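# Reading the structure
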Amino acid sequence: MTDSYQNLKVMVIDDSKTIRRTAETLLNKVGCNVLTAEDGFDALAKIADNRPDIIFVDIMMPRLDGYQTCALIKNNDEFSSIPVVMLSSKDGLFDKAKGRIVGSDEYLTKPFSKAELLSAIDSYAVKH
């Protein structure tokens, strides 16, 4: 099972170092190649350079929030096919709807589990 995650490029964008580290540790254990960014601006340059297979983005971030970051990714022809999963500490209907409007593929509520992360990756990024 772990083979399907080998060399899969996963980006985690979150202003919380703890969340980035937690996700990175979980994903590294199953063989993913993890890229992290602390905000949308930091992420956009890394997306252009690394072309991740899936992106997890926190909604509440300084400078460029998750909605703006997702919209920028989805409005760029080069990156619009990359699945984007929104991460939020709020499990609100409004947040989920707004995430859909800007083009997110999935929505996870923090704290997320390893199973939820892998399920999202299975649904959107594993193309085997």
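Conventions we followed
Residues numbered from 1 in each chain as written. Predicted model: local features only at pLDDT ≥ 70, side-chain atom pairs only at ≥ 80, totals over all residues. Heavy atoms only, no water. Buried < 20%, exposed > 50% of the residue type's maximum accessible area, 1.4 Å probe, protein only. Helix = DSSP H or I, 4+ residues; strand = E, 2+ residues; numbered from the N terminus. Arc of directions from axis to C-beta. Contact = heavy atoms within 4.5 Å. Polar contact = N/O pair within 3.5 Å; in protein donor to acceptor, adjacent residues only side chain to side chain. Pairing = 2+ DSSP bridges. Right-handed = clockwise from strand over helix to strand, strands pointing away. Axes fitted to C-alpha atoms, helices over the stretch in contact; angles between N-to-C directions. Parallel < 35°, antiparallel > 145°, perpendicular 65-115°, else oblique. Left-handed = near helix turned anticlockwise from the far one by under 90°.

### Quick look at helix α2 (residues 40-50)
Within the span of α2, buried status applies to G40, A43 and I47. In a view along the axis of α2, the buried residues occupy a sector of 50°, so they form one face of it. Buried residues in α2 make contact with β1 (9-13), β2 (33-37), β3 (54-58) and α3 (66-74). Sitting at the amino-terminal end of α2 is D39, which places a side-chain oxygen 3.0 Å from the backbone nitrogen of F41. Once α2 ends, the next one or two residues include R51, with phi positive near 45°.

### Points about the pairing of β2
β2 sits mainly inside the fold: four of its five residues count as buried. Of the pairings in the sheet, the one linking β1 to β2 comprises five bridges and is parallel in character. Residue I13 lies in a different strand from β2, and its bridge partner there is A37. A crossover connection joins β1 to the parallel β2 through helix α1 (residues 17-29); in handedness this β-α-β unit is right-handed.

### Structural notes on the packing of α1 against helix α5 (residues 114-124)
The interhelical angle for the contact between α1 and α5, taken along N-to-C directions, is 65°, at an axis separation of 10 Å. As the angle between them shows, α1 and α5 are arranged roughly perpendicular. When the axes of α1 and α5 are compared, the crossing they make is right-handed. Two secondary-structure elements touch here, α1 through A23, L26 and L27 and α5 through K114, L117, L118 and I121.

### Here's the deal with the sheet that holds β1
Read from one edge of the open sheet, five strands run β2-β1-β3-β4-β5, paired in parallel fashion. Looking at the sheet topology across the chains shown, the edges are occupied by β2 and β5 (106-109). Ignoring strand direction, the axes of neighbouring strands in this sheet form an average angle of 20°. As judged from the four bridges shared by β1 and β3, these two strands associate in the parallel manner. What sits directly across from M11, in β3, is I55. Together, β1, β3 and β4 (84-88) form the strand contacts of α3, whose direction differs from that of β4 by roughly 180°. Relative to β3, α5 is tilted by about 135°, and along the sheet it contacts β1, β3, β4 and β5.

Bear in mind that shape data such as this cannot, by itself, settle questions of function.
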